[in-house]
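Spelled out, the chains give:
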Amino acid sequence: MVKMGNFLGRVSARLLSLMELGFYHYGRIIAKVPAFFIVLCFVVTGLCSLGLTKFTEETNPFKLWTPEGSEFLQSQEWQQTNFPSDVRFSMGIYEADNVLNKSVIMEMLRVHQVVVNTTTANATWPSLCARIPAIRFAFIGRKKRETRKRQPRQAGSSIDGQLDWSKLLPREDYCQFLNSLEEVCMENSLLEVFDYDEEYITSLTQEEILQEVNEVENSAVTGLPLNVSQFLADIKRDNAGNIIGASAATHSWFTRINKLAKNSDDFMDDAGTGTRVDVTTFHWEQKMIQNLLNDTERPPDVQFYLMAASSFGTVSGDSIRGDVQYLSLGFGVVFVYVVVMLGRCNAVESRPLLSLLGLSCVGLAIVLSYGLCSAFGVLYGPVNSILPFLLLGLGIDDMFVIMEAWRGLKTNEQHLELSERVGLTLGRAGVAITVTSLTDFLAFAVGSTTTLPALRSFCLYCAVGVAAVYFFQATFFVAWLSIDQRRIEDSRHSVIWCWKISGWTPNTCSQQDLCYSFFSQIYARVLLLPLVRVIVLVVTALLFGVSVWGMTELRQEFDPVWFLPQDSYLFRYFEKQREYYPSSGEKGLVYLGNVSLVEELPRLQRLTKDLLAIEDVAEVENWADAFTSYWGDEYDPDQFSDQLSRFLFSTVGAKYRSRNFRFSSELNCSDPAPPVTASSVEFQYHVMESSQEEVKAMEDVRAAVGAINFSGEALVWARAYGSWETNKVIEEELWRNLGVALAVVAAATLVLLASVTAAAMVVACVLLTLIDVAALMAWWDLTIDTVSCIDLVLAVGLCVDYAAHVAHTFLTHTGSRSDRAAATVSTIGPPVLSGGFSTFLAFVFLAGSTSHVFISFFKIFFGVSLFGLYHGLVFLPVLLSLIGPDSHATTLSQPPPHKSHTNTKNNDKLNNNENNNSTHPPQQKTAMMTNDSGSNGVERGQAVMNKEDAAVFTLSQNQEQEHEHGLGCERDNPTLPNTPDDGRF
């Protein structure tokens, strides 16, 4: 282990020396020509922004949340190519104490009239509705109630299964009869009992309404058999079994897509259904939704809930995009916080514009990330809206580290030329932000290997964004820092830079630093008391045990409904649907293509039996069973095409005609059926409680269909399979991504920290944080789904930052473990706390969001901030004080003393500042201010550094005993927070 540690130390020293010297020279160059680098950043951003011309937002839920290459996507593609549906479905639910009351029936009629009267510039309800033939004889259609009372079943029905007009009438006469039938719009509701006749409904008493509902056998609109119970929920009956009330009723509308528009440019993708719809139909649906949700004329005792075909895509998408407004609130609060923490509270040393420019690095990074990813064809999903919040938090962390390194310049270094000071600052901070940015980048890079498109897209955008923030903070922000520092040294106003304040001196109050005083004088001392250390270890152990128990309660579940805001009309609809109609399980289809149906008829009949043998399948509706029953002994395989045509135009088989068959040419009543290109069989599942049951049911049906060995293509499809496929892989994807991310982060941390023990402690803190966050998810009603999977991968990159800062700083200090732990907390504690708190501020306003994406993000990252800071600033320092690794400063060679050089231009100003704030005695200040004019201090001090010396460029800047180092931040004495500097948190 010792040999391994020495080897890692040498390797890490070589690597860090190159990085530190590189950052040092980079910082010097930036400070000398800041304008060039500012323009360079804008040019790079502008070039990358050209990729936005190829920006495309993916809204198809199946292309976002379903694993690539899954069987569902293959079936979906086959269906859209070979079995496209041109019918769209919308439904409303009425809720009242009794929906059979006359006032509620009249409200149903008003809603019907609203839909019928909905018009747009290019569409009306009659022009868009799907139509079916109506068999309306005088005694089936209704004008007077007496003419309808208990009439015998007529055309299109059967008595004891014997009567069927398609067999009784000659084929030519029957087809002529069908062609003469009026076609009516498909609209299913309780109003079919009353033929949507306002005059007739108005004339009925409550008793007559109930009598109509209980006696109806056929629809007064279509003449087809009608079962009113299918519309009602929570039905109440009297002792005789008659319906006397119900709490809810459904109302359905069917529209048909314009096929001509579907094949032209006049169409759009419907995010809710994952299919295409013509623009005319889509806009009419939006108008219908607007009209139906207008409740000004709705009775107060009636509630109406709506779901249109296009509702899901528009509501979920608008929710996520609308909640991006919280970014402006978060940006504003973070800006105020950064201004307060970054500078001092006086007219010159305050840094509001620098704070704003530092935050603008996030904007540049967002443009670069979006542009570069779009240029390479990476899709943009709705979850990517989180990216600005994430980059805002990360950008602030880097800015704090750089400013802490600037404040940490020693007193003799503060008199160097500005370019030298900026070079020293970036030389020390560059490694720190590289460690954290690299671990974040690697975590996202690992996440991008997933099979879930939405997760891969988000991780790619994040990886590019993290790299961009890193570049802009090290370049754009540092360039403005050098300019802003020149302003301060020239006594110019912090906001009005052209205003030079003559004779300015800082006020005493602005020089106070309560945060550093607390950490160095109180927190570090209290935390490392023996009793407190024992308490911390016990609390951490208890927290770990409770979290492990809580994590066992975390379940795996993904429901697309969660993407709807809870205050949306669509979310309320699904709540009522599950409340009143819970018995309806998911429906599926078995598709057959390139199959000879006459030869496969026995296998099709076997399919029904095999599917019903699966415990999770509730029912099967197979046209082959109805076909063989319809023809019975008359079935002739040689006449299959002719008999199939007659069957599909019969009353029994008409419902299968458009639902379950696609032909090579148009099907006519009087001719044999043309070749069948595709057919389908419908089935329905029972309601299942868990995602594991759903996945098993899906696999069982697929196995049953595969075992039949159809001669052609046989595919199983259900709309729910999209989310079930995700549930099938999401847990495996989560553990794989977390495992690989942890391994990569551990390797990177090991190389950069050059200590097995320190790297192991950092990884342990990350694991403890993730376990605590997982338990919090279970307690906060979150599940393992695609969103939480994304957030947990992000958590790996974020929570490692807290521990890595502390571990790296501990390795750079000398002395006993307790002394080094105290010095570590004193120096790195404030910036780590500020970074974590500012990250929390970046997304705290998401707590008020109604989007599942943003709410999940807030809950998980609240846990990451809370537990990450606890393990980084409480548990890890205690652990390091007990079993921490040796200091790098004691095992690596020391460089020669650094010679200081005074910037003569600003000597008087800095000297004056020292007189107000420095804690050094006058003679020491005089010695430190000795000016070796005509020479460059850094060049003279650093030119003698050989390669071995460079290995510890920032680990040991001089041999003074009182020096203290942090991860990009250091002080002459951690207990003296008022060491002079140029800016304060």
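Residues numbered from 1 in each chain as written. Predicted model: local features only at pLDDT ≥ 70, side-chain atom pairs only at ≥ 80, totals over all residues. Heavy atoms only, no water.

An unreviewed UniProt entry lists the protein chain under the name SSD domain-containing protein, with Petrolisthes cinctipes given as the organism. As its UniProt record puts it under Sequence similarities (unreviewed entry), the protein chain is described as follows: "Belongs to the patched family." (UniProt positions renumbered as here; feature names shortened; annotations may be inferred.)

1. Topic: the overall build of the protein chain
Scanning the protein chain for helices and strands turns up 36 helices and 16 strands. Counting only residues that meet the buried cut, the protein chain has 59% of its 985 residues in that class. Sequence-distant contacts in the protein chain: of pairs separated by 6 or more residues, those separated by 24 or more amount to 79%. (Helix = DSSP H or I, 4+ residues; strand = E, 2+ residues; numbered from the N terminus. Buried < 20%, exposed > 50% of the residue type's maximum accessible area, 1.4 Å probe, protein only. Contact = heavy atoms within 4.5 Å.)

2. Some thoughts on a nonpolar patch on the surface
Taken together, the side chains of I29, V33, F36 and L40 define a hydrophobic patch exposed on the protein surface, amounting to about 350 Å² of accessible area. With respect to the secondary-structure elements, L40 resides in helix α2 (residues 34-49). (Patch = residues over 30% accessible without salt bridge, like charges linked within 9 Å, V, L, I, M, F, W, Y side chains within 5 Å. Areas by Shrake-Rupley, 256 points an atom, 1.4 Å probe, with all protein chains shown as cover. Salt bridge = Lys/Arg side-chain N within 4 Å of Asp/Glu carboxyl O.)

3. With respect to the packing of helix α29 (residues 786-812) against helix α31 (residues 852-883)
It is the contact of α29 with α31, at a shortest axis distance of 9 Å, that shows an interaxial angle of 25°. Between α29 and α31, the crossing angle belongs to the class labelled roughly parallel. Helix-helix and strand crossings are classified by hand; for α29 and α31 the assignment is right-handed. (Axes fitted to C-alpha atoms, helices over the stretch in contact; angles between N-to-C directions. Parallel < 35°, antiparallel > 145°, perpendicular 65-115°, else oblique. Left-handed = near helix turned anticlockwise from the far one by under 90°.)

4. A short note on the confidence of the model for the protein chain
Across the protein chain, the average pLDDT comes to 81, with 83% of residues at or above 70. Taken as a whole, residues 138-162 scores under 50 in pLDDT and shows 47 contacts with residues more than four places along the chain or in a different chain. Considering only residues more than four positions removed or in separate chains, one finds that residues 890-985, a stretch of pLDDT under 50, has 234 contacts. (pLDDT = per-residue confidence, 0-100.)

5. Brief notes about the state of the cysteines
Under the definition given, this model contains 2 disulfides. Shown here is the disulfide that connects C129 with C185, its sulfur atoms set 1.9 Å apart. Here the disulfide of C129 and C185 is left-handed, its torsion about the S-S bond being about -50°. Taken together, the residues span a long stretch of sequence, with C129 in the loop between α6 (125-128) and β2 (131-134) and C185 in strand β3 (residues 182-185) at a distance of 56 residues. Classification of C129 by relative accessible area gives buried; the value is 6%. When its relative accessible area of 18% is taken as the criterion, C185 is described as buried. Between the sulfur of C175 and that of C669 lies a disulfide, 2.0 Å long from S to S. Measuring the twist about the S-S bond at about -75°, one finds the C175-C669 disulfide to be left-handed. Of this pair, C175 sits in helix α8 (residues 171-180) while C669 sits in the loop between β14 (661-663) and β15 (676-685), and the two are 494 residues apart along the sequence. This pair shows no difference in class: C175 is buried, exactly as C669 is. As a non-bridged cysteine, C361 has C41 as the owner of its nearest cysteine sulfur, 7.4 Å distant. (Disulfide = S-S within 2.5 Å.)

6. A short note on helix α19 (residues 514-527)
At S520, α19 shows its largest bend, some 30°. Buried residues of α19: Y516, S517, F519, S520, Y523, A524 and L527, and no others. Residues of α19 that are buried sit in contact with α16 (387-407), α20 (530-551), α30 (817-843) and α31. (Bend = angle between axes of the 7 residues up to and from the residue.)

7. Some points on the pairing of β15
Within β15, 8 of the 10 residues are buried, which leaves it mostly tucked inside the rest of the structure. Bridge count for strand β12 (residues 587-593) against β15 is 7 bridges, and the pairing is antiparallel. By the bridge assignment for β15, Y591 is matched with S680. Relative to β15, β14 runs antiparallel, the two sharing 3 bridges. Residue pairing for β15: R662 is matched across the bridge by A678. (Pairing = 2+ DSSP bridges.)

8. Overview of the side chain of D398
Locating D398 in the fold gives a position in helix α16. It turns out D398 is buried and unbridged, and the closest side chain with the opposite charge, R407, is 14 Å from it. Residues in contact with D398, not counting those within four places in the same chain, are I433, T436, S437, V469, Y470 and Q473. (Lys, Arg positive; Asp, Glu negative; His and termini not counted.)

9. Quick look at the pattern of salt bridges
For the structure shown, the criterion picks out 30 salt bridges. For E489, the salt bridge identified is with R421, shortest N-O distance 2.6 Å. Of this pair, E489 sits in helix α18 (residues 453-489) while R421 sits in helix α17 (residues 418-447), and the two are 68 residues apart along the sequence. For the pair formed by E489 and R421, the shared burial category is buried. K576 is the salt-bridge partner of E579, the closest N and O atoms lying 3.3 Å from each other. On the criterion of helical spacing, the pair formed by E579 and K576 is a turn pair, its members being 3 residues apart in helix α21 (residues 569-580).

10. What to know about the packing of aromatic side chains
Per the counting criterion, the structure on display carries 42 aromatic pairs. Between Y337 and F400, the ring centres sit 6.2 Å apart and the planes meet at 75°, which makes this aromatic pair edge-to-face. Of this pair, Y337 sits in helix α14 (residues 325-342) while F400 is found in helix α16, placing the two residues 63 residues apart along the sequence. F400 carries the same exposure label as Y337, and that label is buried. Residues W780 and F858 carry aromatic rings whose centres are separated by 6.2 Å and whose planes lie at 65° to one another, so their mutual orientation is edge-to-face. With W780 in the loop between α28 (756-779) and α29 and F858 in helix α31, this residue pair connects regions lying 78 residues apart in the sequence. Judged by relative accessible area, W780 falls into the partly exposed class, the value being 28%. Within the aromatic cluster, the residues linked to one another by ring pairs are W623, F627, Y630, W631, Y635, F640, F647, Y656, F661 and F663. (Phe/Tyr/Trp six-rings, centres within 6.5 Å; stacked < 30°, edge-to-face > 60°.)

11. So, the environment of A743
Positionally, A743 belongs in helix α27 (residues 721-753). A relative accessible area of 46% places A743 in the partly exposed class.

12. A short note on the nonpolar core
Membership of the largest hydrophobic core comes to 155 residues, with the highest contact counts inside it found for L391, F472 and L794. When near neighbours in sequence (up to four residues on either side) are disregarded, F472 contacts C41, T45, C361, L364, A365, L368 and F477. One finds C185, I209, L232 and F574 within the second-largest nonpolar core, a separate group that totals 64 residues. (Core = buried A, V, L, I, M, F, W, Y, C linked by side-chain atoms within 4.5 Å.)

13. Some details on unusual backbone geometry
A positive phi angle is found at D195, which is not glycine, with a value near 60°. Along the chain, the position of D195 falls in the loop between β4 (187-189) and α9 (198-203). Classification of D195 by relative accessible area gives buried; the value is 15%. Of note, the phi angle at D234 is positive, near 55°, even though the residue is not glycine.

14. Describing the packing of α16 against α29
In the contact formed by α16 and α29, the axes pass within 12 Å of each other and the chain directions differ by 15°. When the axes of α16 and α29 are compared, the pair comes out roughly parallel. Both α16 and α29 take part in a crossing whose hand is left-handed. Two secondary-structure elements touch here, α16 through L390, L394 and V401 and α29 through L794, L798, D801 and H805. Across the contact of α16 with α29, the residue classes break down as 5 nonpolar, 1 polar and 1 charged. (Nonpolar A, V, L, I, M, F, W, Y, C, P; charged D, E, K, R; others polar.)

15. Concerning α20
With 22 residues, α20 ought to run about 32 Å at 1.5 Å a step, and its terminal C-alpha atoms sit 31 Å apart, in line with that. Buried residues of α20: R533, V536, T540, S547 and G550, and no others. Looking straight down α20, one finds that the buried residues subtend no more than 115° of arc, so they occupy a single side. For α20, exposure combined with an orientation more than 90 degrees from the buried face picks out P530, L531, L542 and W549. Here the buried face of α20 lies against α19, α28, α30 and α31. (Expected span 1.5 Å × (residues − 1). Arc of directions from axis to C-beta.)

16. Examining the environment of P674
Position of P674 relative to the elements: it lies in the loop between β14 and β15. The exposure class assigned to P674 is buried, which follows from its relative accessible area of 12%. Note: C-alpha distance between P674 and S664 (10 residues apart in sequence) is 6.3 Å. Excluding residues within four positions of it along the chain, P674 makes contact with F663, S664, S665, E666 and L667.

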